[in-house]
Amino acid sequence: MSEPHDRRAAVTGIGVVAPNGTSTDTFWKATQEGISVLDRVTREGCEHLPLKVAGEVRGFDPAATIEERFLVQTDRFTHFAMAAADLALADARLGQADTSAQPYSIGVVTAAGSGGGEFGQRELQRLWGKGSRFVGPYQSIAWFYAASTGQVSIRRGFKGPCSVVASDEAGGLDALAHAARAVRRGTDVIVAGSTEAPLAPYSVVCQLGYQELSHEADPARAYRPFTDAACGFVPAEGGAMLVVEAAGAARERGAGVRAVVAGHGATFTGASRWAESRAGLAQAIRQALREADCAPEEIDVVFADALGVPEADRAEALALADALGGHGTRVPVTAPKTGTGRGYCAAPVLDSAAAVLAMEHGLIPPTPNVIDVCHDLDLVTGRARVAELRTALVLSRGLMGSNSALVLRHGAAQ
């Protein structure tokens, strides 16, 4: 189906900058092997704080790929976004010449929860330590949650529809859905995703108010959802950007359709109301299945939200049973984020990238650090599971109450 009118939203490029890999290949290798990179927080200024374990991106040099004029006016979370966008565009075989020809046909949509905390902290320290004359002019924009959309579009010259989704951690999935709908309405290409950098001291202090945050000091025990030992989630930095474009146009230019964004649903049930999230998440799943014209038994794998809070984990397991019926207890479920940390809005985008790669490789990645599952789920643990995967369901919930579900179909199955 390569006709120009085929406007299904196809994923043609993936770019990843994550704690377990600063490229899509290294990310997938670590993910499929179930490698956990959670470790003690090493960021300067965090030593005395109650948060002890996180997923840090190490070995990332933004100056190697991003021009100095952009580096000085942006925070670490935007550095991740620009680097991941470059990787995704290269993966989709969209070079500068291709994207410059029709700048109004390419847009950007991102989601972010923490914003530019590192940049903001530095400038505030200058304000109180030296005075207002020492505060840089980019303080007004670098901290802002919309900065990544703005800087990616400016740097690459994209003048199509650009937006930012503000819907809690679930915003990562909502951004992909927003991109898919823009493509179906007529936009040629959308670069979509989320990156986060919530590990500066100021950002960490802001997170300490979350009752769901894990304070466990042992990396192997700090984030263990769906177990009796669940004690909260571990935060992470990094994220992913995807290229979403019309399937017909992608095939016309010889690009491979890696997956199709087939359906999405979103609801809201309120901050930390985890028992109520059962109904809200189940409804989001039903909406996503309906939009995708997908029967529950067609779901081959679920990438779980996996908060790591007993009440929330129970609600998610029950939501799957509610929405998928008996299939909800039989379908393989995985949560590879237990090896990298839960990167707020970026977490479900990384899960979506992993879902596309899982379908391509016929392999369900395991859930690191989790063995003794205490819920009625077929949770993949220990090692990857070989399976024929045509349709994946990705789930996300936010601490403030947003719920989102996304159905992805394997590109070869279209």
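Just above, that's the structure.
Bear in mind the structure is a predicted one, so any value in this text is a computation, not a measurement. (Residues numbered from 1 in each chain as written. Predicted model: local features only at pLDDT ≥ 70, side-chain atom pairs only at ≥ 80, totals over all residues. Heavy atoms only, no water.)

**Focus: the nonpolar core**
Thinking step 1. Ile 285, Ile 299, Val 302, Leu 320, Val 333, Leu 393 and Leu 395 are the most contacted members of the largest nonpolar core, which has 49 residues in total.
Thinking step 2. Residue assignment for this core shows that the elements contributing at least two residues are strand E3 (53-54), helix H11 (274-292), helix H12 (310-324), strand E14 (391-397) and strand E15 (402-410).
Thinking step 3. Looking at this core element by element, the count peaks at eight residues for H11.
Thinking step 4. Beyond its immediate chain neighbours, meaning those up to four positions away, Val 302 contacts Leu 320, Val 331, Pro 332, Val 333, Thr 334, Leu 393 and Leu 395.
Thinking step 5. Membership of the second largest hydrophobic core comes to 46 residues, among which are Ala 175, Ala 192, Ala 259 and Ala 392. (Core = buried A, V, L, I, M, F, W, Y, C linked by side-chain atoms within 4.5 Å. Buried < 20%, exposed > 50% of the residue type's maximum accessible area, 1.4 Å probe, protein only. Helix = DSSP H or I, 4+ residues; strand = E, 2+ residues; numbered from the N terminus. Contact = heavy atoms within 4.5 Å.)

**Quick look at the sheet that holds strand E9 (residues 301-303)**
Thinking step 1. If you trace the eleven strands from one edge of the open sheet to the other, you get E5-E4-E6-E7-E1-E8-E15-E14-E9-E10-E12, paired in mixed fashion. The two strands at the open ends of the sheet, each matched to only one other strand, are strand E5 (162-165) and strand E12 (378-379).
Thinking step 2. In the sheet, E9 pairs with strand E10 (residues 332-334) via two bridges, with the strands oriented parallel. Within E10, the position partnered with Phe 303 by the bridge is Thr 334.
Thinking step 3. Each of strand E8 (259-268), E14 and E15 is contacted by H11, which is oriented at about 145° to E8, the strand it contacts most.
Thinking step 4. Contacts from H12 reach E9, E10 and E14 within the one sheet, and its direction differs from that of E14 by about 145°. (Pairing = 2+ DSSP bridges. Axes fitted to C-alpha atoms, helices over the stretch in contact; angles between N-to-C directions.)

**Re the packing of aromatic side chains**
Thinking step 1. Scanning the model with the defined rule gives five aromatic pairs in all.
Thinking step 2. Residues Phe 233 and Tyr 344 carry aromatic rings whose centres are separated by 5.8 Å and whose planes lie at 90° to one another, so their mutual orientation is edge-to-face. Of this pair, Phe 233 sits in the loop between helix H9 (201-207) and strand E7 (238-246) while Tyr 344 is found in the loop between E10 and helix H13 (346-361), placing the two residues 111 residues apart along the sequence.
Thinking step 3. Among the aromatic residues, those joined into a cluster by ring pairs are Trp 143, Phe 144 and Tyr 145. (Phe/Tyr/Trp six-rings, centres within 6.5 Å; stacked < 30°, edge-to-face > 60°.)

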